[in-house]
Structure formats: C-alpha cells, structure tokens
Amino acid sequence: MGAIAASFIALFLEEFIPPIFILPAMFISAVLAGALWGLIPASLKAILGVNEILTTLMMNYIAILLVEYLYLGPWRDPEGYGFPGTAPFPETALLPRFTGRIHFGIILAILAATLLWFIQNYTKRGYEIRLIGQNPRAARYTGINIGRNILIVMLISGGLAGVAGMAEVSGIALRLYSGLTVGYGYTAIIVAWLANLNPWGILIVSFLMGGLFVGGDQIQIAMQTPAAVAQVLQGAILFFMLGGTIFANYKIRIIRSFGKDNPGDDSHG
C-alpha cells in the first residue's frame, strides 16, 4: 500500500509539486498509507479480539490484487509494449543511489532501527509494549491499556512497511510492476525471529538474508539448481533456530520408572 501511495505521487502529482518536495511527499504518503492499512487489523484486534495474523494474511491478498489491478489496468504504461507495469518514475521521484542497487533506502532502514531501539529501551511506551509482548496478563493487571498499545504498534509497523514499499518502487523497480510482490513481508517474519526482535540484530540478519537470496539466484544461474534452494536454506535456518530456542528454555530429563510398591527396588520391572 505504501508503494501504491508513493507511485500515485510520482506518476500523477509530480508536475504539481516542486522537485525538491517530491520524495518527501512520497515518503509521507507511503507512511500514511501503510499506517492506515495496518490500522484495520489493529482495530479488529483491539476492539473485537480478532487474531491479527489471520486478518493481515487475508489483507495481503487484497493489497496484492489491488497492485495488480493498477499496473495492469488504469495505471498501465500505454507505451510499455505490453509490459505489465506503470510508466517509469521521473528522475525527481527516484531515491539517490550510492553504488549498483544500493540506494538511500538503506539509510532509512538504519534510521528506523535507531528509532525503534530508542523507543523500546528509553521510553515508557516502549516498556509497556515489551511487557505486553512478554506477558499480556501481567500488563493488564498493572493497568496498561493493551488496546491502545496495539493500535500504536500497528500504526508504527504499517508506516514502516509503507516506507519499505516506497523504497522498493523508488529505489529498485523505478516503477510499479509485477515484481513488487515477491514475499518480502514473509521473509521479514523470519528475520525478526532470527534477530530475537532486536532492531540492530534485524539489520544484520536482513543483510545476511539478502545475501542468501542473491546467492540463490547466482547458484541457479551457475549450477542450474532450482531457485527455491535459497528458500529451503531460509526455512532450515529458522527451523534450527526455533529448535535451539526450545533447548535453551527447557531441560530434557530422563526419569526411570520403578515398581509402584518400592521405588527403590527395581525387581518389579
């Protein structure tokens, strides 16, 4: 949804906005679009207790189909020779590049991680959010408004996701097209788990996962292996990480069973 909002600014409002303000306008619109989209499952969770995993998964399909409708329908490039996508963005709507495919979006990611780290560790709101995540019942007993915090967290999360969408279309794709919806959001779930929800850890794990994806493409080209090899490795990493977490939190004990009459006498079996 953030990509849609940013693309609308770049494609249809670019001539009405001074060039220096186009990227800020795309950023703000992407944040608002993502936050408002996240507000829907947040409201259902806070008011009605609807599971946010189910609602966000179903809303993903709505957003994906809306993107497809736009770049295949009313926003399709009339000069694209049948290519499924919008017209290229103007130069003023593109994020600055450092080298190759590395663009200013990496700075936005670092700033987002810094902001979340500060909120989590140095604000009252961050303490309440962490307490709700660790023990919702204890948070409720201490008087924390859980519903309000759910709304705040989802607004922030949706806004950051909107920025990611804007960075993808403005920094990599340079248009709205079919390659946008490739499942990065699902990969982000694995990244968050592997990083143990630590903002700085998320930056490191994201970099490693990005290398894994690119490496999977290179393996497919060089060794003629399926591109899904990278996803298999990704799933294996998460599987063993979760298994390690189980052994870190629980201890396996082998208890020998003896006769019921005399626990110290093993003559009964």
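One numbering rule holds for all chains: residues counted from 1, following each sequence as written. Given that this is a predicted model, residues contribute local features only at a pLDDT of at least 70 and side-chain atom pairs are listed and counted only at 80 or more, while totals for whole chains, interfaces and linings are drawn from all residues. Side-chain descriptors were evaluated using all non-hydrogen atoms of the structure, hydrogens and water having been removed beforehand.

Draft legend 1. The arrangement of the side chain of Thr55 in detail. Helix numbers and strand numbers start at the N terminus; a helix is a DSSP run of H or I with at least 4 residues, a strand a run of E with at least 2. Along the polypeptide, Thr55 turns up in helix α3 (residues 52-72). Exposure classes here rest on a 1.4 Å probe applied to the protein chains alone. A residue is buried below 20% of its type maximum, exposed above 50%, and partly exposed in between. The buried category is assigned to Thr55, whose relative accessible area is 7%. Polar contacts, as used here, are pairs of N or O atoms within 3.5 Å; protein pairs need one atom able to donate a hydrogen and one able to accept it. Residues neighboring in sequence count only if both atoms are side-chain atoms. Polar contacts involving the side chain of Thr55 include one to the main-chain carbonyl oxygen of Glu52, which spans 3.1 Å. In this description, contact between two residues means that some pair of their heavy atoms is separated by no more than 4.5 Å. When near neighbours in sequence (up to four residues on either side) are disregarded, Thr55 contacts Pro41, Leu44 and Val50.

Draft legend 2. Highlighting the packing of aromatic side chains. Aromatic rings from Phe, Tyr and Trp, taking only the six-membered ring of Trp, are treated as a pair when their centres fall within 6.5 Å; an angle between ring planes under 30 degrees marks them as stacked, one over 60 as edge-to-face, and anything in between as tilted. By the definition in use, this model includes 8 aromatic pairs. Taking 5.3 Å as the distance between ring centres and 70 degrees as the angle between the ring planes, the aromatic pair formed by Trp117 and Tyr122 counts as edge-to-face. Under the relative-accessibility criterion, Tyr122 is labelled exposed at 54%. On the numbers, 6.1 Å between centres and 50 degrees between planes, the contact of Trp117 with Trp200 is tilted. Taken together, the residues span a long stretch of sequence, with Trp117 in helix α4 (residues 105-122) and Trp200 in helix α9 (residues 199-223) at a distance of 83 residues.

Draft legend 3. Layout of the environment of Ala139. Locating Ala139 in the fold gives a position in helix α6 (residues 136-141). It is 9.1 Å that separates the C-alpha atoms of Ala139 and Ile129, two residues lying 10 residues apart in sequence. Not counting chain neighbours up to four residues away, the residues in contact with Ala139 comprise Leu131, Ile132 and Ile144.

Draft legend 4. Expanded view of the nonpolar core. Put simply, buried Ala, Val, Leu, Ile, Met, Phe, Trp, Tyr and Cys residues joined by side-chain atoms within 4.5 Å make one nonpolar core. Residues Met26, Phe89 and Leu176 are the most contacted members of the largest nonpolar core, which totals 21 residues. Sorting the residues of this core by element identifies α1 (2-12), α2 (22-48), α3 and α7 (146-173) as the ones contributing at least two each. The residues contacting Leu176, other than those within four sequence positions of it, are Ala3, Ser7, Val67, Tyr71, Trp75, Gly85, Thr86, Phe89 and Val169. Grouped together as the second largest cluster of nonpolar side chains are 8 residues, Ala42, Leu131, Ile144 and Met154 included.

Draft legend 5. Summary view of a nonpolar patch on the surface. A surface patch of nonpolar side chains, amounting to about 700 Å² of accessible area, comprises Phe98, Ile102, Phe104, Ile106, Ile107, Ile110, Leu111 and Trp200. Considering each element in turn, the nonpolar patch owes the most residues, 4 residues, to α4. On the basis of relative accessible area, Trp200 is assigned to the partly exposed category, the value being 35%. Nonpolar side chains (Val, Leu, Ile, Met, Phe, Trp, Tyr) within 5 Å and like charges within 9 Å form the patches, drawn only from residues with over 30% relative accessible area and no salt bridge. The Shrake-Rupley method, run with a 1.4 Å probe sphere, supplies the accessible areas, and residue values consider only the shown protein chains as cover. Only one rule defines a salt bridge in this text: a Lys or Arg side-chain nitrogen within 4 Å of an Asp or Glu carboxyl oxygen.

Draft legend 6. Summary view of unusual backbone geometry. In this model, Leu174 sits at a positive phi of 65 degrees, which is unusual for a non-glycine residue. Note that Leu174 resides in the loop between α7 and α8 (184-194). Look at Asn196: it is not a glycine, yet its phi comes out positive at around 55 degrees. Within the secondary structure, Asn196 sits in the loop between α8 and α9.

Draft legend 7. Structural detail: the environment of Ala30. Secondary-structure assignment places Ala30 in helix α2. Those residues within four positions of Ala30 in sequence are excluded, and the remaining contacts are Gly2, Ala5, Gly162, Val163 and Met166.

Draft legend 8. Main features of the pattern of salt bridges. Counting across every chain of the model gives 2 salt bridges. Close ionic contact of Lys45 with Glu52 constitutes a salt bridge, the shortest N to O distance being 3.3 Å. Accessibility expressed as a relative area gives 29% for Lys45, which makes it partly exposed. Take Glu52: its relative accessible area is 30%, and that puts it in the partly exposed class. For the salt bridge of Glu128 with Arg125, the shortest nitrogen-to-oxygen distance reads 3.1 Å. Note that Glu128 and Arg125 are positioned in helix α5 (residues 124-134) at a spacing of 3 residues, about one turn of the helix.

Draft legend 9. Expanded view of α9. With 25 residues, α9 extends 35 Å from end C-alpha to end C-alpha; this agrees with the ideal 36 Å at 1.5 Å per step. Packed against the buried residues of α9 are α4, α8 and α10 (229-249). Residue Asn198 occupies the N-cap position of α9, its side-chain oxygen lying 2.8 Å from the main-chain nitrogen of Trp200. Expected helix span is given by 1.5 Å per residue-to-residue step, counting one fewer step than there are residues.

Draft legend 10. Up close: the packing of α9 against α10. Axis angles are defined between N-to-C directions and span 0 to 180 degrees, where every axis is a line fitted to C-alpha atoms and, for a helix, only to the segment in contact. In contact at an axis separation of 8 Å, α9 and α10 are set at 150 degrees when each is read in the N-to-C sense. Comparing the axis directions of α9 and α10 gives the class roughly antiparallel. Of the residues in α10, those touching α9 at Met209, Leu212, Phe213 and Gly216 are Ala230, Leu233, Gln234 and Ile237. Here the residues of the contact of α9 with α10 sort into 6 nonpolar, 2 polar and no charged. With respect to orientation, any angle under 35 degrees is reported as roughly parallel, any angle over 145 as roughly antiparallel, any angle of 65 to 115 as roughly perpendicular, and every other angle as oblique. In this count, Pro and Cys sit with the nonpolar residues alongside Ala, Val, Leu, Ile, Met, Phe, Trp and Tyr, while Asp, Glu, Lys and Arg are called charged and the others, Gly among them, polar.

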